[in-house]
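Fold and contact review
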Amino acid sequence: MPELITQPNIDRPDDFYAELIGLHEGLARQESDALNARLILLLANHIGDREVLRQAMRAARRP
Amino acid sequence: MPQVWEVPLYPYRRSADQDARAPVRHPVVIVGAGPVGLVMAIDLALGGVPVVLLDENDRVSTGSRAICFAKRTLEILDRLGCGEPMVDKGVQWHAGRVFLDRRQVYAFDLLPEGGHRRPAFINLQQYRFEAFLVERIRALQAEGRPIDLRGANRVFAIDARDDHVSVTIDTPDGPYRIEADWLIACDGANSPIRTMLGLEFLGRTFEDNFLIADIVMAADLPSERRFWFDPPFNRGQSALLHRQPDNVWRVDFQLGRDIDKAEERKPENVIRRLRAFLGEKAEFELEWVSIYTFQCRRMARFRHGRILFAGDAAHQVSPFGARGANSGIQDADNLGWKLRLVIDGKAPGALIDSYDFERIQAADENILNSTRSTDFITPKSAVSRLFRDAVLELAEHRAFARPLVNSGRLSLPCTHDGSPLNGADADGLPARTRPGAPAADAPLGEDWLIDRLGGGFQLVTIDTPAPDRLDCDGIGVERVALSAADDPSRALAERYLGPADGAVYLVRPDQHVAARWRQFDEAEVRAAVARATARQ
């Protein structure tokens, strides 16, 4: 069964983090929220696997 | 010429029962001559069961009610001999468009698959639908079929006994009483019968108000379903436009939660809204205007001894998905043959319990779909709205988001997985025609498979030998002998064989698959018939 990856998996993490924050630059709170929602939907579709998505939702709820 | 809803189609006439010295007993009394009650009466009468159909009114219903009748409903109507005139009169459609603001974000086709006699949907006013059914009843009566349709007969008391139900009825001549072996309550969402029995009807109420208008307008628009999220003419809300026959259009505006209903219902305000939508120059007349809130709820059980609930009386959904009338007609389709076998002494009363199982399963499926659509259309929280809007924004350019757009998941029949009536399944045959599923249509040259099914138990054999007829303790099973070669389009093979060379399907009188095998085995078929009739 596929498992949610919770070990480090992103190359050059500081760059990724800066990109994520930079993405929101100049956006009002509402626009940022909308962008996050679109991003979640895009990523969720990319993952596709319902079991992995469920694990991610659970993990997000209880960090 | 008067409108169809103004004509007393079944005016009050004094019945001999009103002059009888003791209450007359009838095998089946149906309360409510709406779409479900009328279909129920026709189905039972075709099976030879005498029915008394009571309605407090004497004509078809008025107002903005059901308009979309799904393929499965049309197949049931065909079985009952009244599908053709409805399909001829109805507006056929299969395309839909979804808009966000002014932009189209999504277009869909409901029938990507060919090889079905009937279209995905027709739109037909409920008053016309009912009038066709009354016409069918008149034709059956002329043939001597036992349907007694009594107008201006209002049931005001019932007494449920172990072996019958006593029914007290008010009429213009005063009250009288009859008895029913079985009583079927098809008396709508506010079911007086349900209230008389003190039965609960629990679920969710949605707070948003909707303005529903049927307007007469000569417009040159295609026959498709159009749905708007956040349109300029109804900011922050939704709107729906649907075509009906005779230049009647259904317009549905979401109004929001805290509104002044009396103010919104005023014709000048409705006309102002419609002009903003259709343009200042649009010419139209209002046929009906109503303001609704919606509920999704059902009774805990549809069978209460000898009283059975069907249609909106048993379960209620929001209109998104056209799952109200369509599911009610499927209730009648499910109940008719079961009641007939029990009344004829060919099946035990336990068969009626399977109506409860199967139609509650269907109601739950419909409520789930309808609730999800309503939540998408009228988000209940800020985050729900955030994701809804994100889906709509993405849908315009990203195909992945389109299946998430939910402006109504349109009515499809329930597959009764896990039903106590389901028999054997064979490995390797296609999932869509598994036990519990409604038989999928397929072309047979000039003919259609679905037209050869229904009414009694049948053994559909495809390239497999079997006897032409079996008698299973009084229940006849007729063979429908087919070959994959009967359908050059290969739809029959694709829907019933998959990789197999041959198959045998036991089909119920309501055209649902009861059991299936790779080849005929008499003992197996007898066991499956026994199971499908609750004899074991």
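Residues numbered from 1 in each chain as written. Chains lettered and ligands numbered in written order. Predicted model: local features only at pLDDT ≥ 70, side-chain atom pairs only at ≥ 80, totals over all residues. Heavy atoms only, no water.

1. Points about the overall build of chain B
The line we're drawing: Helix numbering and strand numbering both begin at the N terminus, where a helix is a DSSP run of H or I of at least 4 residues and a strand a DSSP run of E of at least 2. What the globule rule says is 2.2 Å times the number of residues to the power 0.38, and the radius of gyration is computed from C-alpha atoms. Remark: exposure states derive from per-residue accessible area (1.4 Å probe, protein chains only) relative to the maximum for the residue type, with buried under 20%, exposed over 50%, and partly exposed in between. It only takes one pair of heavy atoms within 4.5 Å for two residues to be counted as in contact. Residue burial considers only the protein chains on display, and all accessible areas are found by Shrake-Rupley using a 1.4 Å probe. Residues scored as positive are Lys and Arg, those scored as negative are Asp and Glu, and His as well as the terminal groups of each chain are ignored. Here the site of a charge means atom NZ of a Lys, CZ of an Arg, CG of an Asp or CD of a Glu.
Helix and strand counts for chain B stand at 12 helices and 28 strands. Compactness check: chain B gives a C-alpha radius of gyration of 24 Å against a globular reference of 24 Å for 536 residues, within 12% of the reference. Counting every position in chain B, which comprises 536 residues, the buried fraction comes to 58%. Partitioning the intrachain contacts of chain B with sequence separation of at least 6 by distance along the chain shows that 71% fall at a separation of at least 24. Put simply, chain B shows about 21100 Å² of open surface, and 47% of that area lies on carbon and sulfur atoms. Treating the 68 positive side-chain charges of chain B as one cloud and the 77 negative ones as another, the clouds have centres 3 Å apart.

2. As for the overall build of chain A
Helices and strands together make up the secondary structure of chain A, namely three helices and zero strands. On C-alpha atoms alone, chain A measures out to a radius of gyration of 13 Å, which is more than a quarter above the 11 Å that the 2.2 N^0.38 rule sets for 63 residues. When its C-alpha atoms are laid out on the principal axes, chain A stretches across 40 × 25 × 25 Å. In the structure as shown, chain A presents an accessible area of about 5500 Å², 55% of it carried by carbon and sulfur atoms. A gap of 12 Å separates the mean positions of the 8 positive and 10 negative side-chain charges of chain A.

3. So, the domain arrangement of chain B
All names here are of chain B. What counts here: In this document the domain limits rely on a domain assignment from an automatic tool or a database. The term buried area denotes the loss of accessible surface (1.4 Å probe radius) that occurs when two parts are joined, taken as the sum for both partners.
Split into domains, chain B comes out as domain 1 (4-89 + 124-201 + 296-366) and domain 2 (431-532). Here the C-alpha centroids of domain 1 and domain 2 sit 30 Å apart. The interface is formed by 13 residues belonging to domain 1 together with 15 residues belonging to domain 2. Summed over both partners, the interface of domain 1 with domain 2 buries about 1100 Å², with 50% contributed by carbon and sulfur atoms. For the domain 1 face of the interface with domain 2, the top three residues by lost area are Arg 72, Arg 79 and Trp 337, together amounting to 46%.

4. Structural notes on the nonpolar core
All names here are of chain B. Definition in use: As used in this record, nonpolar core signifies buried Ala, Val, Leu, Ile, Met, Phe, Trp, Tyr and Cys residues forming a set joined through side-chain atoms within 4.5 Å.
Counting residues in hydrophobic clusters, the biggest one holds 91 residues, and the most contacted among them are Ile 30 and Ile 184. When residues of this core are assigned to domains, at least three fall in each of domain 1 (4-89 + 124-201 + 296-366) and domain 2 (431-532). Formed by 36 residues, the second largest nonpolar core is a distinct cluster that contains Ile 67, Val 98, Leu 240 and Leu 392.

5. Observations concerning the state of the cysteines
Between two cysteines, a covalent bond joining their sulfur atoms is known as a disulfide. All names here are of chain B. Where we set the bar: Two cysteine sulfurs form what is called a disulfide whenever their separation falls within 2.5 Å.
Scanning the model with the defined rule gives zero disulfides over all chains in all. Free of any disulfide, Cys 68 has its nearest neighbouring cysteine sulfur in Cys 296, separated by 16 Å. For Cys 68, a relative accessible area of 10% translates into the label buried. Counting only cysteine sulfurs, Cys 82 is the nearest neighbor of Cys 186, a cysteine outside any disulfide, at a range of 15 Å.

6. Digging into the interface of chain B and chain A
Definition in use: When a carboxyl oxygen of Asp or Glu lies within 4 Å of a side-chain nitrogen of Lys or Arg, that pair is called a salt bridge. Each residue receives one of three labels: charged for Asp, Glu, Lys and Arg, nonpolar for Ala, Val, Leu, Ile, Met, Phe, Trp, Tyr, Cys and Pro, and polar for the others, Gly being one of them.
Every contact between the two is made by eight residues of chain B and, on the other side, eight residues of chain A. Of the roughly 740 Å² buried where chain B meets chain A, counting both sides, 90% is carbon and sulfur surface. Three residues stand out in chain B for area buried against chain A, namely B:Leu386, B:Phe387 and B:Phe400, and they jointly supply 59% of the buried area on that side. Applying the counting rule to chain B against chain A returns zero salt bridges. Here the side of chain B that touches chain A is composed, by residue class, of seven nonpolar, no polar and one charged.

7. Regarding a nonpolar patch on the surface
Residues and elements named next belong to chain A. Put simply, the rule reads: For patch detection, residues must exceed 30% relative accessible area and be free of salt bridges, and they are connected within 9 Å for like charges or within 5 Å for nonpolar side chains (Val, Leu, Ile, Met, Phe, Trp, Tyr).
Taken together, the side chains of Ile 10, Phe 16, Tyr 17 and Ile 21 make up a nonpolar region of the molecular surface, amounting to roughly 410 Å² of accessible area. With respect to the helices and strands, the residue Tyr 17 is situated in helix α1 (residues 13-23). Using a relative accessible area of 52% as the deciding quantity, one classes Tyr 17 as exposed.

8. Considering the packing of helix α2 (residues 29-47) of chain A against helix α10 (residues 382-395) of chain B
Filter applied, for reference: For helices, the fitted line uses only the C-alpha atoms of the stretch in contact; every axis is such a line through C-alpha atoms, and the angle between N-to-C directions lies from 0 to 180 degrees. We call two directions roughly parallel when the angle between them is under 35 degrees, roughly antiparallel when it is over 145, roughly perpendicular when it lies between 65 and 115, and oblique otherwise. Left-handed describes a crossing whose near helix is turned anticlockwise from the far helix by less than a right angle; the clockwise case is right-handed.
Where α2(A) contacts α10(B), the axes come no closer than 9 Å and their chain directions differ by 65°. Comparing the axis directions of α2(A) and α10(B) gives the class roughly perpendicular. Like other packed secondary-structure pairs, α2(A) and α10(B) cross with a definite hand, here right-handed. Contacts from A:Asp33, A:Ala34, A:Ala37, A:Arg38, A:Ile40, A:Leu41 and A:Leu42 in α2(A) reach B:Leu386, B:Phe387, B:Ala390, B:Val391, B:Glu393 and B:Leu394 in α10(B).

9. Describing the packing of aromatic side chains
Residue and element names in this part refer to chain B. Put simply, the rule reads: Two aromatic rings, drawn from Phe, Tyr or Trp (for Trp, its six-membered ring), form a pair once their centres lie within 6.5 Å of each other, and the interplanar angle then sorts them: stacked below 30 degrees, edge-to-face above 60, tilted otherwise. Look at NZ for Lys and CZ for Arg. If either is within 6 Å of the ring centre and within 35 degrees of the ring normal, a charge sits over the ring.
Counted under the stated rule, the structure contains 21 aromatic pairs over all chains. With 5.6 Å between their ring centres and 75° between their planes, Trp 228 and Phe 233 make a pair best called edge-to-face. Judged by its relative accessible area of 10%, Trp 228 falls in the buried class. The exposure class of Phe 233 is buried, given its relative accessible area of 16%. An aromatic cluster of three or more residues is present, and its members are Phe 210, Phe 227, Phe 229, Tyr 292, Phe 294, Phe 320 and Phe 376. Here Arg 306 stacks its cationic end above the ring of Trp 182, 4.6 Å away from the centre of that ring.

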